[in-house]
Number of protein chains: 2
Amino acid sequence: MNNPLYPKALKNLVDSLRILPGVGQKTALRMALYLLERNPSGAQKLSAAIGSAMADIHKCTQCRNLTDKEICLVCSDPTRDESLLCVVENPADVFALSQSVEYKGLYFVLMGNLSPLDGVGPEDVGLDLLESRLAKGIIKELILATNPTVEGEATAFYIDEIAKPYNVRVTRIAHGVPMGGELEYLDSNTLSHAFRARQQF
Amino acid sequence: MNNPLYPKALKNLVDSLRILPGVGQKTALRMALYLLERNPSGAQKLSAAIGSAMADIHKCTQCRNLTDKEICLVCSDPTRDESLLCVVENPADVFALSQSVEYKGLYFVLMGNLSPLDGVGPEDVGLDLLESRLAKGIIKELILATNPTVEGEATAFYIDEIAKPYNVRVTRIAHGVPMGGELEYLDSNTLSHAFRARQQF
Ligand SMILES: [Zn+2]
Ligand SMILES: [Zn+2]
């Protein structure tokens, strides 16, 4: 964005759009021009929606999923079976599973995976919180639904170690999920199958 | 976005991101989660950048390109040859040409193409303003650089008709540009060649 023909506010907008995943220079410029030329009211709404989301949304104190309450709708739903806890990497995985799977237990959202080389340790993905929940003795099955990537597998193994001292069945969703793939992009059928075929870990 | 697990502010953010060109439901969700989980400071900057761009940027009163001044930097540059006027569809085309072509004339930005079926008439793409510039007698060559699409060709023919009463040479950039393609995505070499090989219209 060093073209002197660009007004400064347009440069800033393009640079800001480029932080979005998958958005390069040309796409960001196309988006910026679209907002300015074609959809100024949509642009104002987008600006406000980002501000509201940043102000209202935070992590659920029980499951770390994103919520605008202290405890999210899933954790506070009395009809759910609190003896089942499904561990996922991201909020998008909760949403994907909830649309594919007949599951009435609770979730726990790591917000990533363990990655010691990047300085992401157990507490950064909430494993202290997870262990304190296991210690309460309410959870009977811990379903590990991290992605079947190197990091997701390593994190699953680590959580299995944490769970060993507690009286809990640890299962892993079946590897109908293609290795190296990501849960949130799977079709419902494959995801539903993988979930149902989960096995002792 | 009808999943009841989504907090309202997240739904609004996803819906707002979906107005961006090329962004569907899954991409919008991925972008929203990225902003919330990974880059809150980038999100705040993006929100502010959209607001600033909407407040500061408008059309140049001479060429209709986007600018934060009354008359843009190109139109107000005294070293440019005001006898040459290059007509393009979008600001992105000005930027693309300025990076590819040794051109020291001025530009005129239609902000689209004529599209009678969509209610886009001559004044909506500034052709009244363009004709009043031709009437001043300063422009000697009018370079039609609309895209070689059906709409771009039709608009070029229409502008050629408008220019007929005036003493101006009308040229069209060469069709080294692939038919159906769009200027702003071309590599510099092809674009530069097409520009240099422009011919009498
Ligand atoms: Zn929760
Ligand atoms: Zn101008």
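Described below are features of the structure shown in this document. (Residues numbered from 1 in each chain as written. Chains lettered and ligands numbered in written order. Predicted model: local features only at pLDDT ≥ 70, side-chain atom pairs only at ≥ 80, totals over all residues. Heavy atoms only, no water.)

Residues and elements named next belong to chain A. Judged by side-chain charge, Glu 123, Asp 124, Asp 128 and Glu 131 come together as a negatively charged surface patch. Structurally, Glu 131 can be placed in helix α5 (residues 127–135). Residue class for Glu 131 comes out partly exposed when judged on its relative accessible area of 30%. (Patch = residues over 30% accessible without salt bridge, like charges linked within 9 Å, V, L, I, M, F, W, Y side chains within 5 Å. Areas by Shrake-Rupley, 256 points an atom, 1.4 Å probe, with all protein chains shown as cover. Salt bridge = Lys/Arg side-chain N within 4 Å of Asp/Glu carboxyl O. Lys, Arg positive; Asp, Glu negative; His and termini not counted. Charge placed at Lys NZ, Arg CZ, Asp CG, Glu CD. Helix = DSSP H or I, 4+ residues; strand = E, 2+ residues; numbered from the N terminus. Buried < 20%, exposed > 50% of the residue type's maximum accessible area, 1.4 Å probe, protein only.)

In this section: the pattern of salt bridges. Under the criterion given, the structure shown has 14 salt bridges over all chains. Between Lys 69 of chain A and Asp 68 of chain A there is a salt bridge, with the nearest N and O atoms lying 3.3 Å from each other. With a shortest N-O distance of 3.2 Å, Lys 164 of chain B and Glu 161 of chain B are connected by a salt bridge. Each member of the salt-bridge network shares a partner with another, and the members are Asp 160, Glu 161 and Lys 164 of chain A.

Let us look at the coordination of the zinc ion (ligand 2). Residues and elements named next belong to chain B. Donor atoms from the polypeptide that coordinate the zinc ion (ligand 2) comprise Cys 60 (SG), Cys 63 (SG), Cys 72 (SG) and Cys 75 (SG), at 2.3 Å from the metal. On the primary sequence, the residues serving as donors to the zinc ion (ligand 2) are separated as C-x2-C-x8-C-x2-C. In this pair, Cys 60 is assigned in the loop between β1 (58–59) and β2 (66–67) and Cys 72 in the loop between β2 and β3 (81–88), connecting sequence segments 12 residues apart. Take Cys 60: its relative accessible area is 2%, and that puts it in the buried class. Given the relative accessible area of 4%, Cys 72 is considered buried. (Donors = N, O, S within 2.8 Å, 3.2 Å for Na, K, Ca; no water.)

Looking now at the interface of chain B and chain A. The interface of chain B with chain A comprises 60 residues on the first partner and 60 residues on the second. Overall, the association of chain B and chain A removes approximately 5,200 Å² of surface from exposure, summing both partners, and the carbon and sulfur fraction of that is 72%. Together, Leu 5, Met 54 and Phe 95 of chain B form the three largest contributors to the area buried by chain B at its contact with chain A, with a combined 13%. Counting across the chain B and chain A interface gives zero salt bridges. Between chain B and chain A we count one residue pair in polar contact (both at pLDDT 80 or more) in total. Elements that contribute at least two residues to the side of chain B that touches chain A include exactly α1 (8–17), α2 (25–38), α3 (40–56), β2 and α4 (91–100) of chain B. (Contact = heavy atoms within 4.5 Å. Buried area = accessible area lost by both parts, 1.4 Å probe. Polar contact = N/O pair within 3.5 Å; in protein donor to acceptor, adjacent residues only side chain to side chain.)

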